[in-house]
Amino acid sequence: MEFSLLNFRSSKLPSYVERDSSGNFFYSFIDKMLGNKGKSVNDTTAYTLSNPSLLMVRKFIADYGSLAKIHAFKNNKLFAEDYIYEIAERPNPNQTWTELIWQYFFYACAENVYLYAQNNVVYLLKRENIDLSSKQLDDYKRLYFSNSTRKNTLKGSFNYKNEDGSKTPLKLENLYIIDCMSGITGDWFNGANVIQSIKGIVDNSTEAIESKGRNIFYTKKILVSGNQTDAQRLTSGVMSPQEQKSVTDTLLSNKPIHSVKDNLDVKQLVSNLKQLGLDDSFNADFSKLTRMFNIPSDLIDLITKNSVFNEGKEKSLGLYVYYTLVPMLQKLTDVLELIYEQEDLRPSFSHCPFNKVFEKEKQEDIKLKLENLKVAKELDENFDISKQLKEIYNGY
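Bear in mind the structure is a predicted one, so any value in this text is a computation, not a measurement.

Parameters and conventions
Throughout this document, residue positions are counted from 1 along each chain, in the order its sequence is written. With the structure being a predicted model, the display of local features is reserved for residues of pLDDT at least 70 and the display and counting of side-chain atom pairs for 80 or more, all residues being used for whole-chain, interface and lining totals. The basis for every side-chain value is the complete set of non-hydrogen atoms in the structure, without hydrogens or water. Angles shown run from 0 to 180 degrees and are taken between the N-to-C directions of axes, each axis being a line fitted to C-alpha atoms and, for helices, limited to the stretch in contact. Here a helix means four or more residues in a row that DSSP labels H or I, a strand means two or more in a row labelled E, and each is numbered from the N terminus. The labels follow the angle: roughly parallel below 35 degrees, roughly antiparallel above 145, roughly perpendicular from 65 to 115, and oblique for the rest. In this description, contact between two residues means that some pair of their heavy atoms is separated by no more than 4.5 Å. Under this grouping Gly is polar, as are all residues other than the nonpolar Ala, Val, Leu, Ile, Met, Phe, Trp, Tyr, Cys and Pro and the charged Asp, Glu, Lys and Arg. Here the expected length of a helix is defined as 1.5 Å per residue gap, with one fewer gap than residues. To sort residues, take the accessible area from a 1.4 Å probe on protein chains only and compare it with the maximum for the residue type: under 20% means buried, over 50% means exposed, and anything in between is partly exposed. Two strands qualify as a pair provided DSSP detects at least 2 bridges between them. Two helices crossing with the near one rotated counterclockwise from the far one by less than a right angle form a left-handed crossing, whereas a clockwise rotation gives a right-handed crossing.

This part covers the packing of helix 3 (residues 52-65) against helix 15 (residues 311-340). Packing of helix 3 against helix 15 leaves a shortest axis separation of 11 Å and a crossing angle of 90°. Taken together, the axes of helix 3 and helix 15 are roughly perpendicular relative to one another. Contacts between helix 3 and helix 15 involve F60, I61, Y64 and G65 on the former and, on the latter, L317, Y320 and L325. For the contact of helix 3 with helix 15, the class distribution of residues is six nonpolar, one polar and no charged.

And the structure:
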């Protein structure tokens, strides 16, 4: 559908249709066109929870990210597996480490993470609940060339708004900000927000869902019209309440045959949902969201269709984890090293089932190299293979 309003043209379909008491159709697009799409997102969590497509993506990232274990290394060698539980049984009285890591990925994939640590207790704070003074906000917009200068400047306290309406005073020096975009804006507190840049896509996908819901509602509605001339329609107008009740009672009765004196035209208000292309519109927007979050296209079915894993998807998931989720979680372990005074903490997904694919490839690679060494030894009995054997096994 194309419309012209104040010299504005758009090929966008209206979100839904409405009818007045006389049966006239009105397409509801003005409220969407002049709505709040341009407004900023103040509460990113609430915004995510109200938009299914964005929630699906962020939940997918957090679900798989929370599978991680955190190991300790010393002198670049594995010292202890799952060492985070030896440092502290829980990060705080309300969460386990798995829950906190899940929350971390939910935030870190799209926005800054605000970590607060006090007496070895760690919480991740909601940005919209942190109340800083204007001076404190300005102090985060400067360059510092020594840790001491930064610490002396960023001091004092701030209030944190709890969900029950109360406020808790916290020390600014205990607040650690993990920037999801590594400080590209120069504002070290607010940083950059991915959600603001994808708001249009997210809103469109949500409108597709709402439009489908409204149109499904109209598939239950039928329109009954009599066979009248224009002259008759002008003189008699719409059906009287008694006539409307008679038609309704007749159509809803159990009688197999209905007799009427005039021809009646019975139409379903919405009879072809597929033709509206709402599912296609949602899937197209969802695909754009997954690209923004670096989710491989062959993993989208795991989110939208709950498809089963195969070797190809397991390998794709493994590569996604190691190239996207591990670096993301490394930012958290870097901060935990400072808080708990640890030498080297590293995230690991080596225990996850999808690693079987890489283990199989590793064994096949070792087998091939050993066969090549065997051939080389057969061709030259004096050929020393000890160095090559060491390289093969040390490389894994």
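Another aspect to go through is helix 3. The end-to-end C-alpha distance of helix 3 is 20 Å, a good match for the 20 Å that 14 residues give at a rise of 1.5 Å each. S53, L54, V57, R58, F60, I61, A62, Y64 and G65 are the residues of helix 3 that are buried.

Here we come to the sheet that holds strand 11 (residues 167-171). Strand order in the open sheet formed by three strands is 9-10-11, and the pairing between neighbours is antiparallel. At either margin of the open sheet sits one strand with a lone partner, and together these are strand 9 (130-131) and strand 11. Where strand 10 (residues 157-161) and strand 11 come together, five bridges link them in antiparallel fashion. Note on strand 11: the bridge partner recorded for F158 is L170.

At their nearest, the axes of helix 5 (residues 97-108) and helix 15 sit 11 Å apart, and the two run at 120° to each other. Between helix 5 and helix 15, the crossing angle belongs to the class labelled oblique. At the point where helix 5 passes helix 15, the crossing takes the right-handed sense. Across the interface between the two elements, W97, I101, Y104, F105 and A108 of helix 5 pack against L325, M328, L329, K331, L332, L336 and Y340 of helix 15. The class makeup of the residues in the contact of helix 5 with helix 15 is eleven nonpolar, no polar and one charged.

These figures capture arrangement, not role.
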